[in-house]
Amino acid sequence: MPIFNYSFTVDATVDAVTDFHHDTSALKKLTPPPMIVQLHEIEPMSEGSVSRFTLWFGPLPIRWKAVHSNVSRYGFTDTQAEGP
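Reference entry: report on the structure contained in this document.

Parameters at a glance
Throughout this document, residue positions are counted from 1 along each chain, in the order its sequence is written. This being a predicted model, a pLDDT of at least 70 is required before a residue's local features are given, and a value of 80 or more before pairs of side-chain atoms are given or counted; all residues contribute to the totals for chains, interfaces and linings. To obtain the side-chain values, all non-hydrogen atoms of the structure were included, while hydrogens and water were left out. Only DSSP runs of H or I covering at least 4 residues are called helices, and only runs of E covering at least 2 are called strands; the numbering of each starts at the N terminus. We compute the radius of gyration from the C-alpha atoms alone; for a globule the expected value is 2.2 Å times N to the 0.38, where N is the number of residues. With a 1.4 Å probe rolled over the protein chains alone, any residue whose accessible area is under 20% of its type maximum counts as buried; one over 50% counts as exposed, and the rest are partly exposed. We call two residues contacting when some pair of their heavy atoms lies within 4.5 Å. Nonpolar side chains (Val, Leu, Ile, Met, Phe, Trp, Tyr) within 5 Å and like charges within 9 Å form the patches, drawn only from residues with over 30% relative accessible area and no salt bridge. Only the protein chains shown count as covering a residue, and every accessible area follows the Shrake-Rupley method with a 1.4 Å probe. When a carboxyl oxygen of Asp or Glu lies within 4 Å of a side-chain nitrogen of Lys or Arg, that pair is called a salt bridge. Each Phe, Tyr or Trp ring, with Trp reduced to its six-membered ring, pairs with another whose centre is within 6.5 Å; inter-plane angles below 30 degrees give stacked pairs, above 60 give edge-to-face pairs, and intermediate values give tilted ones. The definitions used throughout rest on a 1 Å grid laid over the protein atoms alone, on which a cavity is an enclosed set of points accommodating a 1.4 Å probe that cannot get out and a pocket is an open set flanked by protein within 12 Å on both sides along at least five of seven lines; lining residues are those having an atom within 4 Å of a point. Grid points are joined across faces, edges and corners, and a volume is the space filled by probe spheres set on the points. Each residue receives one of three labels: charged for Asp, Glu, Lys and Arg, nonpolar for Ala, Val, Leu, Ile, Met, Phe, Trp, Tyr, Cys and Pro, and polar for the others, Gly being one of them.

## Structural notes on the overall build of the protein chain
Part 1 of the reasoning: For the protein chain, the count of helices and strands is two helices and four strands.
Part 2 of the reasoning: Starting at the N terminus, the α and β elements of the protein chain follow one another as α-α-β-β-β-β.
Part 3 of the reasoning: In terms of overall size, the protein chain behaves like a compact globule, its C-alpha atoms giving a radius of gyration of 13 Å where 84 residues would be expected to give roughly 12 Å.
Part 4 of the reasoning: Its C-alpha atoms put the protein chain at 40 × 25 × 25 Å along the principal axes.
Part 5 of the reasoning: For the protein chain, the proportion of its 84 residues judged to be buried stands at 19%.
Part 6 of the reasoning: Contacts spanning at least 24 positions in sequence make up 13% of the contacts within the protein chain whose residues lie at least 6 apart.

## Overview of a nonpolar patch on the surface
Part 1 of the reasoning: A grouping of Phe-4, Tyr-6, Phe-8 and Val-10 is seen on the molecular surface, where their side chains present a nonpolar patch of about 530 Å² in accessible area.
Part 2 of the reasoning: Within the secondary structure, Val-10 is located in the segment before helix 1 (14-22).

## Considerations on the packing of aromatic side chains
Part 1 of the reasoning: Tallying each qualifying case throughout the model produces three aromatic pairs.
Part 2 of the reasoning: Both rings, one in Tyr-6 and one in Phe-8, keep their centres 5.6 Å apart while their planes meet at 40°; by these two values the pair is tilted. This pair shows no difference in class: Tyr-6 is exposed, exactly as Phe-8 is.
Part 3 of the reasoning: Their ring planes at 15° and their centres at 6.0 Å tell us that Phe-53 and Trp-64 sit as a pair that is stacked. In this pair, Phe-53 sits in strand 2 (residues 50-57) while Trp-64 sits in strand 3 (residues 60-72), placing the two residues 11 residues apart along the sequence.
Part 4 of the reasoning: Residue classification places Trp-64 among the partly exposed residues on the basis of a relative accessible area of 24%.
Part 5 of the reasoning: Put simply, the rings of Phe-4, Tyr-6 and Phe-8 pair up and form one aromatic cluster.

## Remarks on the layout of surface pockets
Part 1 of the reasoning: Of the pockets and cavities examined, the largest pocket occupies roughly 1,700 Å³.
Part 2 of the reasoning: Along the wall of the largest pocket there are 45 residues; nearest its centre are His-21, Leu-30, Phe-76, Thr-77 and Asp-78.
Part 3 of the reasoning: Across the lining of the largest pocket, the residue classes break down as 26 nonpolar, 15 polar and four charged.

Set out below in structure tokens:
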């Protein structure tokens, strides 16, 4: 399975970043225009939580399922369980 790793520095406290990612609307806030995200099932961030959503690239729907693991206040792993 291909692996995509990405990290970056955020000018905010660890608590603020943790709170942001535990907000179930974070995915909508992170999706850049003109892409549209349609949320179907977004469980609060925790070990094994699932997010099901559709990303719209114009008229093309891309269905996605992500599962979260290694969840801590310092980060998490987001694994694509279903999708392109």
